[in-house]
Amino acid sequence: MSEITIKLPDGSAKVLPAGSSGHDLASAIGKRLAKDALLVVVDGEPRDLAAELPDGAEVRIITRTDEDALEHVRHSTAHVLAQAVLELWPGATFAGGPPIEDGFYYDFELPGGASFSEDDLERIEARMREIIKADQPFERFELPLDEARELMSDHPYKQAFMDLATDHDAEAEAEADTSDGRISFYRNSDSFVDMCRGPHVPSTGRLGHFALQRVAGAYFRGSEDNPMLQRIYGTAWLSAADLAEHLERLAEAEKRDHRRLGAELDLFSFPEEVGSGLAVFHPKGGIVRRLMEDYSRRRHEEAGYEFVYSPHITKANLFETSGHLEWFADGMFPPMELHDHDHAPGHPEEAGEGTKYYLKPMNCPFHILIYRSQQRSYRDLPLRMFEFGSVYRYERSGVVHGLTRVRGMTQDDAHIFTTKENMADELSSLLAFVLDLLRDYGLDDFYLELSTKPEHKAVGTDQEWEEATEALRSVAESMDLELVMDEGGGAFYGPKISVQARDAIGRTWQMSTIQVDFQLPQRFELEYIGSDGERHRPIMIHRALFGSVERFFGVLVEHYAGAFPAWLAPVQVEVLPVAQSHDDYAHEVAAELRGHGFRVEVSGADDTLGKRIRRAKGQKVPYVLVVGDDDVAHRTAGVNPRGGEVERDVTLGTFVDRLAADVAGRN
RNA sequence: GCCCGAGUAGCUCAGUCGGCAGAGCGGCUCACUCGUAAUGAGCAGGUCAGGAGUUCGAUUCUCCUCUCGGGCUCCA
């Protein structure tokens, strides 16, 4: 056969000499395409442009403006990074370097256990630019396993990948393709060869819109049991404009960082004297938090929840029964031990066991005890108990992060006790309720994640897990939202749906969780009397909407970039007298607005008007009112809305209506 | 917990190759009384995160601890 026929995406066909490559195909179609082509997709599989095309294949050519080229450009850039590092650090070895969201990384081990410093990034980047300028080809070749081992004899992590890939480890297979017993490599120059399944762009000259970002430690293959490697992260894009836009997004995210805004807007802090991961809320943050909670409380009451309270500490026994001490002890603070005689004068310390008390890491056992405080009938169900419950978890020192990962938090925690028959209905109205409420806080772009049974850390039978997981799945699927699987991500006592929300700049946050639990009702031997007069076991549903009030607060700060909508803003109106002679009127205006329930501050004329306006704007106050002679005469104000145009001579009545409408509409 | 980096005034950050600690913003005082994003002058404010060591002398060099940041692992 001397000719092959290639099918193109537009339905047409192209006849080429046998042995033609993707590059030949692109050239046959057009000069420009040949220049812009980076890869081909052959029958759905991405391939090198240089790969020989099989007869009858469907081929799509990926160019440098094609979004599908992105991950390959990132992957190829990672290779250039590896080449630069291996050239700059003789004796260095390397592990894996995949593309990731927005960029890539590569893991290395430097000779003598050395590590990269931030300053090294500049040198490495300069070397990478030289390699890109040299326009080295990415040439693929394959070797049988023993020769591959020989070639990588100085690189133990590469060999480890070969071994693992032979065992069909998914991550290792992404590094080394052993499907036909041969290992593929890419050669860029005489001095640099990397084991890789590919494909790659034709040559390094096709790359260039990248930046190295940071150095980090990372365990080999993500396991704490493995050595820690030195990782370099970078970002890479198809054009300089895309790269610039991405860097700008990062800068925007940094400006919105709730830790920064928390200090600037005087919302909360983490006093070192208190301890890592333990926040205090300042008055301004306290107002926002109270408003968040008040609204949630009202909506929950309307939805049939009853409010309960439980203590922060409890005897060990409760968490033994619940299974927390068996399964969750790592996440709990160590116990306090109480000896009755400790505080009695004249009694030296007693030997022997005292009573252990634990800070609570979860609220569920308490709510269960409330359930169990009396005999329940099917008529009582579903029983919905809600608590703003403060819990404490011993988070490892490296993981605490602002308000989103803390050691002390308040969950908006509810437990619903229901019959098995009503579980599906309850779940479905619950999920609708949760999404509706999240929208009221300004988040409206969601997807769902379904977390299934953890592999090693779970109680209960497979059948119970299966049943609970299916119940959640069918509810999730009925919601008309994207559903992502999170295999093995459930809690030890049951599977969960979590609601992931995208914020104003497209980042996703895990918000609400809904978990089905067959275990705790068994462990605590919960029951209700059914209409048949028999004893039955209820199902328990755990759910939190904010997740934790602290985390949700942090997410809202970032979502709004600190500019809370009027209903949540700690100060809704700042009244500024033009001169001291207008002070009395300014206070009158403030008093009137406060009479309508608004949160108002007056800033007197000790500073210039311009400075006070600037300060109020910096605090992101929704409305700045300026009052001068004209306003005193006519009972009006100049209204300077956040993000809007100044209006003069607005009557107070008009302004009150406007602000009231903002608040009512949660704008 | 692990790897790397950082910690200097309330905040943002200079600085010291080991020799009396600096700026801007913010605070306070005084003057100015101003119509929509920084008026001027002055004053106060520091155990240079904490502890130990080296040294005539340590904010600076070494070690330990704490806290924070970026990651890994883990998670609401």
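Only a predicted model underlies this, so the values are computations on that prediction, with no experimental measurement involved. Numbers given to residues run from 1 along each chain, matching the order in which its sequence is written. Each chain gets a letter, beginning with A, and each ligand a number, beginning with 1, in the order they are written. Local features in this predicted model are restricted to residues whose pLDDT is 70 or higher, and side-chain atom pairs enter the listing and the counts only when it is 80 or higher, whereas totals over whole chains, interfaces and linings include all residues. For the side-chain quantities, the full set of heavy atoms in the structure was used; hydrogens and water were omitted.

**Section: the overall build of chain A**
Okay, step 1: Of regular secondary structure, chain A possesses 21 helices and 34 strands.
Okay, step 2: Classification of residues uses two cut-offs on accessible area relative to the type maximum, computed with a 1.4 Å probe and protein chains only: under 20% is buried, over 50% is exposed, and between them is partly exposed. Residues classed as buried in chain A amount to 49% of the 667 residues present.
Okay, step 3: We call two residues contacting when some pair of their heavy atoms lies within 4.5 Å. Contacts spanning at least 24 positions in sequence make up 68% of the contacts within chain A whose residues lie at least 6 apart.
Okay, step 4: The protein chains shown are the only cover counted for residues, whose accessible areas, like all others here, come from Shrake-Rupley with a 1.4 Å probe. Carbon and sulfur atoms form 47% of the exposed surface of chain A, whose accessible area is close to 31,200 Å².
Okay, step 5: Positive charges come from Lys and Arg alone, negative charges from Asp and Glu alone, with His and the N- and C-terminal ends not counted. A single reference atom marks each charge: NZ on Lys, CZ on Arg, CG on Asp, CD on Glu. The averaged location of the 116 negative side-chain charges in chain A is 4 Å from the averaged location of its 71 positive side-chain charges. Secondary structure counts use DSSP, requiring at least four H or I residues in a row for a helix and at least two E residues in a row for a strand, with both numbered from the N terminus.

**Section: the side chain of Gln515**
Okay, step 1: Here Gln515 is to be found in strand 26 (residues 508-517).
Okay, step 2: Overall, the relative accessible area of 8% leaves Gln515 in the buried class.
Okay, step 3: There is a polar contact of 3.3 Å between the side chain of Gln515 and the side chain of Tyr493.
Okay, step 4: With residues up to four places along the chain from it excluded, the contact list for Gln515 reads Ala491, Tyr493, Gly494, Pro495, Lys496, Met540, Ile541 and His542. We call two N or O atoms a polar contact when they sit within 3.5 Å, provided that within protein one can donate a hydrogen and the other can accept it, with sequence-adjacent residues counted only if both atoms are side-chain atoms.

**Some details on the protein's contact with RNA strand B**
Okay, step 1: We call a residue near a given molecule or strand whenever any one of its heavy atoms falls within 4 Å of it. Inspection of the region around RNA strand B gives 58 residues, with Arg214, Arg405, Gln510, Arg614 and Asn640 positioned closest.
Okay, step 2: Within 4 Å of the protein, the contacting atoms of RNA strand B are 50% sugar and phosphate, with bases supplying the remainder.
Okay, step 3: Taking Asp629, its main chain carries an N or O atom lying 2.6 Å from a base oxygen of RNA strand B.
Okay, step 4: When residues of the surface near RNA strand B are traced back to their parent elements, those giving at least two are strand 12 (210-219), strand 13 (228-236), helix 19 (609-618), helix 20 (629-634) and strand 33 (636-641).

**Some remarks on the pairing of strand 29 (residues 539-544)**
Okay, step 1: Here strand 29 lies mainly inside the structure; six of its six residues are buried.
Okay, step 2: The alternating pattern of strand 29 places Ile539, Ile541 and Arg543 and Met540, His542 and Ala544 on opposite faces, both of which are buried.
Okay, step 3: For two strands to count as paired, DSSP must find a minimum of two bridges between them. Here six bridges tie strand 22 (residues 408-418) to strand 29, and the two strands are oriented antiparallel to one another. Looking at the pairing, Thr418 lines up with Ile539 of strand 29.
Okay, step 4: As paired strands, strand 26 and strand 29 are joined by five bridges and run antiparallel to one another. When the bridges of strand 29 are listed, Asp517 appears paired with Met540.

**Re the sheet that holds strand 4 (residues 45-48)**
Okay, step 1: Pairing is antiparallel in the open sheet, where three strands are placed in the order 4-3-5. The outermost strands of the open sheet, each flanked by one partner alone, are strand 4 and strand 5 (59-63). Pairs of neighbouring strands in the sheet enclose a mean axial angle of 35°, with direction left out of account.
Okay, step 2: Where strand 3 (residues 37-42) and strand 4 come together, four bridges link them in antiparallel fashion. By the bridge assignment, Val40 is partnered in strand 4 with Arg47.
Okay, step 3: Here an axis means a line fitted to C-alpha atoms, over the contact stretch when the element is a helix, while the angle between two N-to-C directions is reported on a 0 to 180 degree scale. Seen against the sheet, helix 1 (residues 22-29) touches strand 3 and strand 5 and runs at an angle of roughly 80° to strand 5.

**With respect to helix 13 (residues 364-371)**
Okay, step 1: By the criterion of burial, helix 13 is predominantly enclosed, with six of the eight residues buried.
Okay, step 2: Among all positions of helix 13, only Cys364, Pro365, Phe366, His367, Ile368 and Tyr371 are buried.

**Regarding the packing of helix 14 (residues 423-440) against helix 15 (residues 462-477)**
When two helices pack together, their arrangement is given by the angle between the helix axes and by the axis-to-axis distance.
Okay, step 1: Where helix 14 contacts helix 15, the two axes come as close as 10 Å, and the packing angle between them is 45°. Considered as vectors, helix 14 and helix 15 are oriented oblique to each other. Here the hand of the crossing between helix 14 and helix 15 comes out right-handed. Residue-level inspection shows Met423, Ala424, Leu427, Ser428 and Leu431 of helix 14 in contact with helix 15, the latter providing Ala471, Leu472, Val475 and Ala476.
Okay, step 2: By residue class, the composition of the contact of helix 14 with helix 15 is eight nonpolar, one polar and no charged. Here is the rule for angles: anything less than 35 degrees is roughly parallel, anything more than 145 is roughly antiparallel, 65 through 115 is roughly perpendicular, and the remaining ranges are oblique. Take the far helix as the reference: if the near one is turned anticlockwise from it by less than a right angle, the crossing is left-handed, and if turned clockwise, right-handed. Ten residue types, Ala, Val, Leu, Ile, Met, Phe, Trp, Tyr, Cys and Pro, are classed as nonpolar, four, Asp, Glu, Lys and Arg, as charged, and the remainder, Gly among them, as polar.

**Focus on the environment of Pro334**
Okay, step 1: Assignment of secondary structure puts Pro334 in the loop between helix 12 (324-327) and strand 18 (336-338).
Okay, step 2: A sequence separation of 242 residues divides Pro334 from Ala92, and the C-alpha atoms of the two residues are 43 Å apart.

**Re the nonpolar core**
Okay, step 1: Throughout, nonpolar core names a set of buried Ala, Val, Leu, Ile, Met, Phe, Trp, Tyr and Cys residues whose side chains join them through atoms within 4.5 Å. Ranked by internal contacts, the top residues of the largest apolar core, which has 57 residues, are Met292, Leu427, Leu431, Tyr441, Phe552 and Phe564.
Okay, step 2: It is helix 14 that provides the largest number of residues to this core, a total of nine residues.
Okay, step 3: What Met292 contacts, discounting residues up to four positions off in sequence, is Tyr441, Phe546, Val549, Phe552, Phe553, Leu556 and Leu568.
Okay, step 4: Counting 41 residues, the second-largest nonpolar core is a separate cluster that includes Phe192, Phe210, Leu212 and Leu238.

**Section: the packing of helix 10 (residues 283-302) against helix 14**
Okay, step 1: Running from N to C, helix 10 and helix 14 point in directions that differ by 150°, and their axes come no closer than 12 Å. As far as their axial angle goes, helix 14 and helix 10 are roughly antiparallel. Considering only the axes of helix 10 and helix 14, their crossing is right-handed. Judged by residue contacts, Tyr295, Arg299 and His300 of helix 10 engage Phe433, Asp436, Leu437 and Asp440 from helix 14.
Okay, step 2: Residue composition of the contact of helix 10 with helix 14, grouped by class: three nonpolar, one polar and three charged.

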